[in-house]
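Take a look at the letters that make up each chain.
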Amino acid sequence: MTHMNLSVLIRNARMYIESKEIFRDWHLSTLDYFLSKAGLRDCVRVRCMGKKACVDPVLYRTAVWAYYNGFIKGIDCMGNAIALNDTWLSINEFGHAEVSVDGVNMVFLSFKPTFFDVFVLRDYDVVDYRNRRVVDVGAFVGDSSIYFVKRGATFVYAIEPNNSAYSELILNAEMNGVRDAIKPINMTVGRNGTSLAKLIEDYGIKTDILKMDCEGCEYDVVLNPTESINEINEIVMELHKWFGDYHKVKYVLKKYFDCQAVRTNEEVEILHCIKKK
């Protein structure tokens with residue numbers, strides 16, 4: 001066993017042991033989780049806040065990981081659902097993920113890791129979407145786009161280059177009854193695709209808010225002078241530090257915007273920027 005594998009093993013052991021702070025019968029829950037990985041259980045039995053539940057293994061693992069890393073403060077459970085920071089998550093009998101945030105109910109074809117950022121950490125809640133139009137660069141399966149509409153956005157241009165995610169985006173929009181408020185666009189923004197400025201021109205987009213989570217394309221958008229980033233009123237974006245000189249991106253943004261960090265770690269920084277008056 002390599003040193004790296006041993007370190008991962010020790011870290012995982014600590015993570016599951018620490019879950020005793022949120023799950024009463026943590027040892028049984030941990031056993032259920034590993035039995036599920038072997039195909040011997042369909043759900044993980046948990047007890048929290050004096051209540052019992054049997055939740056999907058993916059949700060159990062998400063809860064344990066999130067608590068260990070300090071991302072959640074509160075947890076609740078009931079039936080087949082688990083609540084992280086007051087956001088209820090469950091996976092129904094059809095395998096569809098159900099999400100409830102402040103009374104806003106949504107359903108998706110499957111559970112995705114991005115749900116944690118959008119619905120639990122609520123990285124994009126710093127923006128008021130009511131009666132505004134959003135360009136969502138890196139819409140993935142539509143989780144953020146659908147959430148923006150549910151939060152009051154009048155229209156969302158959902159840009160996603162991955163064909164599989166794009167197809168799922170369309171189905172998710174239909175399942176949530178917001179297909180008429182979302183324009184899916186199967187396209188890459190940045191050096192390997194089209195420019196944001198050309199996309200806005202081609203589709204006649206009037207942008208109030210730009211959201212970006214596009215694994216590095218934010219560098220192309222912000223640092224390319226032809227993109228006219230200064231014409232956008234408000235930006236919320238995931239800045240990937242590993243992709244390039246992220247200090248330069250922040251420097252350019254601060255020429256035109258007042259920017260604040262919503263959340264930051266070694267790999268990414270969530271920035272919220274409002275155009276200077």
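Residues numbered from 1 in each chain as written. Predicted model: local features only at pLDDT ≥ 70, side-chain atom pairs only at ≥ 80, totals over all residues. Heavy atoms only, no water.

## As for the overall build of the protein
Part 1 of the reasoning: Scanning the protein from N- to C-terminus turns up nine helices and 14 strands.
Part 2 of the reasoning: Dimensions of the protein, computed from C-alpha atoms along their principal axes, come out at roughly 55 × 45 × 35 Å.
Part 3 of the reasoning: Relative to all contacts within the protein whose residues are 6 or more apart in sequence, the contacts with residues 24 or more apart total 55%.
Part 4 of the reasoning: Total accessible area on the protein is roughly 13900 Å²; 51% of this is exposed by carbon and sulfur atoms.
Part 5 of the reasoning: Counting 34 positive and 37 negative side-chain charges, the protein places the centres of these two groups 3 Å from one another. (Helix = DSSP H or I, 4+ residues; strand = E, 2+ residues; numbered from the N terminus. Contact = heavy atoms within 4.5 Å. Areas by Shrake-Rupley, 256 points an atom, 1.4 Å probe, with all protein chains shown as cover. Lys, Arg positive; Asp, Glu negative; His and termini not counted. Charge placed at Lys NZ, Arg CZ, Asp CG, Glu CD.)

## Here we look at the pattern of salt bridges
Part 1 of the reasoning: Under the criterion given, the structure shown has 16 salt bridges.
Part 2 of the reasoning: R41 is paired through a salt bridge with D32; the nearest N and O atoms lie 3.4 Å apart.
Part 3 of the reasoning: Residue R41 is classed as partly exposed on the basis of its relative accessible area, which comes to 25%.
Part 4 of the reasoning: One salt-bridge network, held together by shared partners, links D32, R41 and R45. (Salt bridge = Lys/Arg side-chain N within 4 Å of Asp/Glu carboxyl O. Buried < 20%, exposed > 50% of the residue type's maximum accessible area, 1.4 Å probe, protein only.)

## What about the pairing of strand β10 (residues 182-185)?
Along any regular strand, the residues point their side chains to alternate faces of the sheet.
Part 1 of the reasoning: Two elements, strand β9 (residues 155-159) and β10, share four bridges in a ladder whose sense is parallel. Within β10, the residue paired with Y157 across the bridge is K183.
Part 2 of the reasoning: With helix α6 (residues 163-175) bridging β9 and its parallel neighbour β10, the resulting β-α-β unit is right-handed. (Pairing = 2+ DSSP bridges. Right-handed = clockwise from strand over helix to strand, strands pointing away.)

## Comments concerning unusual backbone geometry
Glycine aside, a negative phi is what most residues show, and trans is what most peptide bonds show.
Part 1 of the reasoning: Despite not being glycine, F140 shows a phi value in the positive range, around 55°.
Part 2 of the reasoning: Not every positive phi belongs to a glycine, and S228 is a case in point at roughly 55°.
Part 3 of the reasoning: Its place among the elements puts S228 in the loop between α8 (217-223) and β12 (234-240).
Part 4 of the reasoning: Judged by its relative accessible area of 25%, S228 falls in the partly exposed class.

## So, helix α2 (residues 26-37)
Part 1 of the reasoning: Across its 12 residues, α2 extends 17 Å between first and last C-alpha, which sits within 8% of the 16 Å expected from 1.5 Å per residue.
Part 2 of the reasoning: Of all the residues in α2, the buried ones are S29, T30, D32, Y33 and S36. The buried residues of α2 occupy an angular sector of 160° when the element is viewed end-on, so they sit on one face.
Part 3 of the reasoning: Remark: G39 follows α2 within two positions and exhibits a positive phi of approximately 80°. (Expected span 1.5 Å × (residues − 1). Arc of directions from axis to C-beta.)

## Focus on the packing of aromatic side chains
Part 1 of the reasoning: A full pass over the atoms with the stated rule returns 19 aromatic pairs.
Part 2 of the reasoning: When the ring of Y33 is compared with that of Y60, the centres are 5.6 Å apart and the planes differ by 40°; the resulting orientation is tilted. Of this pair, Y33 sits in helix α2 while Y60 sits in helix α3 (residues 57-68), and the two are 27 residues apart along the sequence. Y60 matches Y33 in its accessibility class, with the two residues each being buried.
Part 3 of the reasoning: For the ring pair W65 and F71, a centre distance of 5.2 Å and an interplane angle of 40° mean the geometry is tilted. (Phe/Tyr/Trp six-rings, centres within 6.5 Å; stacked < 30°, edge-to-face > 60°.)

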